[in-house]
Amino acid sequence: MLRNLPAWVVRSAEILLVALVAWVSRTLFLEHEPVQDELYHLLAAKSWVEDGSFVIADGEYTRARLFTVFVGSVYSVFGENLTAVRTASAVIGVLWVVSVYAWCRAKVGNTVAWITALLLCLAPGAIFLSQYVRFYSMHGLLLWLGSIAVYEILVERHRFAVSFGLGAAALVSLGLAAHLQVTTLIGALGLFVFAGIVWWPHIGGFLSKDRRYWIYLGLAAVAAVAVLVLSGIAGTLIEIYRAAPLWNTGSGPLRYHWIMLSKFPLIWAAVPVMAVLVLARKDKPGTFAVVMVIVVFALHSFSGMKSERYIYYVMPFFFLIGTMALVEILSRTSTGLDAITQQWTAIPDSLRTAFGKASLAVIAAFLVLCNPAFRLTADLVRNDETHAGDG
């Protein structure tokens, strides 16, 4: 029956289904008391509605002002309603999941897109941030949109007008993301590294024409570093990168490794293996995801401030790698199951096929559920004490 429907109808129905699952998982429990950090935006937004300022008591809260304005805009429409603000935040989380699904469907196929979207949809950290009146979910959405716009420019061959529009979208998205979180610079560095990988055949070919080009490139790099150092920009960035309040000190470079190992051990373990596979196959979406994950996790691991929510913007790329590993495993497992069921000659073909598909589904579910994070999901959607995304 579905085969007779137009493709756009099927795609629209799938997107709506993804959105519905994301919406339900994010809105079942929104009435809990404010979490401490939420009060920064809630109180500043109240002041913004009253007189356009960002005053809290005797001071001002100016961090991520546009998000405070967003909260204030919800107040302007619905009054000082915390549930309404959290619902608006949940909408952002839903859009993040849907955008991940739509892009992955276009680039790596429907199966990988569904699994990747569901992993992000049901990850306890993503749900928590979507129920949280802070800018992390919006930051994740904006950085994702900016990143895939950059990917399209680098990898796909679009008309000039389309590429120009994508460039404008990337600048706006990444600019807004940088306004919300300075960690956007780390994500941007990941995009820069990916651009270098994509362009290297052309750059390397050009440089190989004349050895002097390498000298010029080296001198340009030295000059750029000198400008950054002498202008004080490098020192300021390093100071921001290494800064940490007393409550966040003592977190070593393995902090994120232990967080990921405790919540997503199978997916985390698959990252280095999939890195080799996708690079060997020259798989562009996979290489994109691997580069972003490696750069972001490596740089955040040596930063001063560390918290799970600080790196959640890279989780769609992380889940994409995990999904590609899962599909690879299931493909080989399916071949093995076929070999086994072919020996059952006394059983009808339809039953053998059904058994193979059911077994594959059970194995896939088992592999996903071996990641302890998903045990927290059910608690999080109904219990504000879990705070599973704030490790």
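Everything that follows concerns the structure shown earlier in this document.
Residues numbered from 1 in each chain as written. Predicted model: local features only at pLDDT ≥ 70, side-chain atom pairs only at ≥ 80, totals over all residues. Heavy atoms only, no water.

A. Expanded view of the overall build of the protein chain. Assigned secondary structure in the protein chain consists of 17 helices and two strands. Its C-alpha atoms give the protein chain principal-axis dimensions of roughly 80 × 65 × 45 Å. Within the span of the protein chain, comprising 391 residues, buried residues form 43% of the whole. As presented, the protein chain carries roughly 20,200 Å² of accessible surface, and 69% of it is formed by carbon and sulfur atoms. Computed over 28 positive and 23 negative side-chain charges, the inter-centroid distance for the protein chain is 13 Å. (Helix = DSSP H or I, 4+ residues; strand = E, 2+ residues; numbered from the N terminus. Buried < 20%, exposed > 50% of the residue type's maximum accessible area, 1.4 Å probe, protein only. Areas by Shrake-Rupley, 256 points an atom, 1.4 Å probe, with all protein chains shown as cover. Lys, Arg positive; Asp, Glu negative; His and termini not counted. Charge placed at Lys NZ, Arg CZ, Asp CG, Glu CD.)

B. View of empty space enclosed by the protein. Scanning the model with the defined rule gives two cavities of 30 Å³ or more in all. In this model, the second largest cavity occupies a volume close to 40 Å³. Around the second largest cavity, the lining residues are Tyr136, His139, Gly140, Gln181, Arg309, Tyr310, Tyr312 and Tyr313. Here the lining of the second largest cavity is built from residues that sort into four nonpolar, three polar and one charged. (1 Å grid on protein atoms, 1.4 Å probe; cavity = no way out; pocket = protein on both sides within 12 Å on 5 of 7 lines; lining within 4 Å. Points joined across faces, edges and corners; volume = space filled by probe spheres on them. Nonpolar A, V, L, I, M, F, W, Y, C, P; charged D, E, K, R; others polar.)

C. Spatial organisation of the pattern of salt bridges. What the rule picks out here adds up to seven salt bridges. As a salt-bridge pair, Arg309 and Asp37 come within 3.6 Å of each other at their nearest N and O atoms. Of this pair, Arg309 sits in the loop between α14 (284–301) and α15 (315–341) while Asp37 sits in the loop between α1 (7–27) and α2 (38–51), and the two are 272 residues apart along the sequence. Across this residue pair, the class does not change: Arg309 and Asp37 are buried. Salt bridges sharing partners connect three or more residues here, namely Lys107, Glu152 and Glu156. (Salt bridge = Lys/Arg side-chain N within 4 Å of Asp/Glu carboxyl O.)

D. Spatial organisation of the packing of aromatic side chains. Overall, the coordinates contain 25 aromatic pairs when judged by the stated rule. Pairing Tyr151 with Phe288 gives two aromatic rings, centres 5.0 Å apart and planes at 40°, and the pair type is tilted. With Tyr151 in helix α7 (residues 136–155) and Phe288 in helix α14, this pair connects stretches of sequence that are 137 residues apart. Residues Tyr151 and Phe288 agree in their burial class; the two are buried. Linked through ring pairs, Phe67, Phe70, Phe128, Tyr132, Phe135, Tyr136 and Tyr310 together constitute an aromatic cluster. (Phe/Tyr/Trp six-rings, centres within 6.5 Å; stacked < 30°, edge-to-face > 60°.)

E. Representation of the layout of surface pockets in the model. By volume, the largest pocket amounts to about 890 Å³. In terms of lining residues, the largest pocket is bounded by 29 residues, among which Val182, Thr183, Ile186, Ile240 and Tyr241 are the most central. Of all the secondary structure elements, the ones that give two or more residues to the lining of the largest pocket are α9 (184–207), α11 (233–242) and α14. At six residues, α9 tops the list of elements feeding residues into the lining of the largest pocket. For the lining of the largest pocket, the class distribution of residues is 20 nonpolar, five polar and four charged.

F. Region of interest: a nonpolar patch on the surface. Residues Leu17, Leu20, Trp23, Val24, Leu28, Val91 and Leu95 make up a contiguous nonpolar surface patch of about 610 Å² in total accessible area. When contributions to the nonpolar patch are tallied by element, the ones reaching two or more residues are α1 and α4 (82–108). In terms of residue count, the dominant contributor to the nonpolar patch is α1 (four residues). (Patch = residues over 30% accessible without salt bridge, like charges linked within 9 Å, V, L, I, M, F, W, Y side chains within 5 Å.)

G. Region of interest: the packing of α14 against α15. For the pair α14 and α15, interaxial distance at closest approach is 8 Å and the crossing angle is 130°. Looking at the two axes, α14 sits oblique to α15. The way α14 lies across α15 gives a crossing that is left-handed. Contacts between α14 and α15 pair Pro285, Gly286, Phe288, Ala289, Val290, Met292 and Val293 from the former with Phe317, Phe318, Leu320, Ile321 and Met324 from the latter. Of the residues that constitute the contact of α14 with α15, the class distribution is 11 nonpolar, one polar and no charged. (Axes fitted to C-alpha atoms, helices over the stretch in contact; angles between N-to-C directions. Parallel < 35°, antiparallel > 145°, perpendicular 65-115°, else oblique. Left-handed = near helix turned anticlockwise from the far one by under 90°. Contact = heavy atoms within 4.5 Å.)

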